[in-house]
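# Architecture at a glance
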Amino acid sequence: QVQLVESGGGLVQSGGSLRLSCAASGTIVGIHTMGWFRQAPDQERELVARFSSDGSSEYADSVKGRFAISRDYAGTTLWLQMHSLQPADTAVYYCHMYSWYRAMEYWGKGTLVTVSS
């Protein structure tokens, strides 16, 4: 019912910048939150940044001061601006939505970010 499509991943050198985008489509009803997760090979998927329903945001300690999350007023587009990228940031980045109304979560297919030393 809800589709999330990420874009903007790629290869960048250490210290570089990238901006990821997530476009949401389908039927979105009720209170929901959106954010970004990432997963490196053989690692657990971890939270990078997300918005709550009241507009507040939270970040993983490892990206504070380097990444910034933003969204449009309709709540159908989500961005992640990444600066000072490091090899440790290399991962597949996933857009995520949780619907409090439906008690369901949705994931995009992911976009790969590779940071070379």
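What comes next concerns the included structure. Predicted, not measured: the structure shown is a model, and the values here were computed from it. (Residues numbered from 1 in each chain as written. Predicted model: local features only at pLDDT ≥ 70, side-chain atom pairs only at ≥ 80, totals over all residues. Heavy atoms only, no water.)

### Details of the side chain of T33
Take T33: it is sitting in strand β4 (residues 32-39). Dropping the residues within four chain positions of it, T33 is found in contact with F51, S52, S53, H96, M97, Y98 and W100. (Helix = DSSP H or I, 4+ residues; strand = E, 2+ residues; numbered from the N terminus. Contact = heavy atoms within 4.5 Å.)

### Side note on the state of the cysteines
Inspection of every chain in the model, using the stated rule, returns 1 disulfide. Each sulfur of the disulfide joining C22 and C95 lies 2.1 Å from the other. Taking the sign of the S-S torsion, -80° for the link of C22 and C95, the bridge is left-handed. With C22 in strand β3 (residues 18-26) and C95 in strand β9 (residues 91-99), this residue pair connects regions lying 73 residues apart in the sequence. In this pair, the class of C22 matches that of C95, namely buried. (Disulfide = S-S within 2.5 Å. Buried < 20%, exposed > 50% of the residue type's maximum accessible area, 1.4 Å probe, protein only.)

### Section: unusual backbone geometry
Despite not being glycine, D42 shows a phi value in the positive range, around 60°. With respect to the helices and strands, the residue D42 is situated in the loop between β4 and β5 (46-51). The class for D42 is exposed, based on a relative accessible area of 83%. You will see that A103, though not glycine, has its phi angle at about 55°, which is positive.

### Remarks on the pattern of salt bridges
Opposite charge on two side chains permits pairing when their charged atoms draw close. In this structure the tally under the stated criterion is 5 salt bridges. Across the pair E46 and R38 runs a salt bridge, and its minimum N-O distance is 2.9 Å. Owing to a relative accessible area of 35%, E46 belongs among the partly exposed residues under this scheme. Residue classification places R38 among the buried positions, given a relative accessible area of 6%. Note that D89 is salt-bridged to R66, the shortest N-O span being 2.9 Å. Separated by 23 residues along the polypeptide, D89 in the loop between β8 (77-82) and β9 and R66 in the loop between β6 (57-59) and β7 (67-71) bring together distant segments of the chain. The same class applies to D89 as to R66, namely buried. Linked through salt bridges whose partners overlap, the residues forming this network are R38, E46, R66 and D89. (Salt bridge = Lys/Arg side-chain N within 4 Å of Asp/Glu carboxyl O.)

### Describing the nonpolar core
Nonpolar side chains in soluble globular proteins generally cluster together in the buried interior. Counting 27 residues, the largest nonpolar core has L4, W36, L80, M82 and Y93 as its most contacted members. Breaking this core down by element, the ones donating at least two residues are β1 (2-7), β3, β4, β5, β7, β8, β9 and β11 (111-116). (Core = buried A, V, L, I, M, F, W, Y, C linked by side-chain atoms within 4.5 Å.)

### Points about empty space enclosed by the protein
Counted according to the given criterion, the structure contains 1 cavity of 30 Å³ or more. Considering the residues around the largest cavity, the lining is formed by V2, T27, I28, V29, M97, S99, R102 and Y106. In the lining of the largest cavity, the residues fall into 5 nonpolar, 2 polar and 1 charged. (1 Å grid on protein atoms, 1.4 Å probe; cavity = no way out; pocket = protein on both sides within 12 Å on 5 of 7 lines; lining within 4 Å. Points joined across faces, edges and corners; volume = space filled by probe spheres on them. Nonpolar A, V, L, I, M, F, W, Y, C, P; charged D, E, K, R; others polar.)

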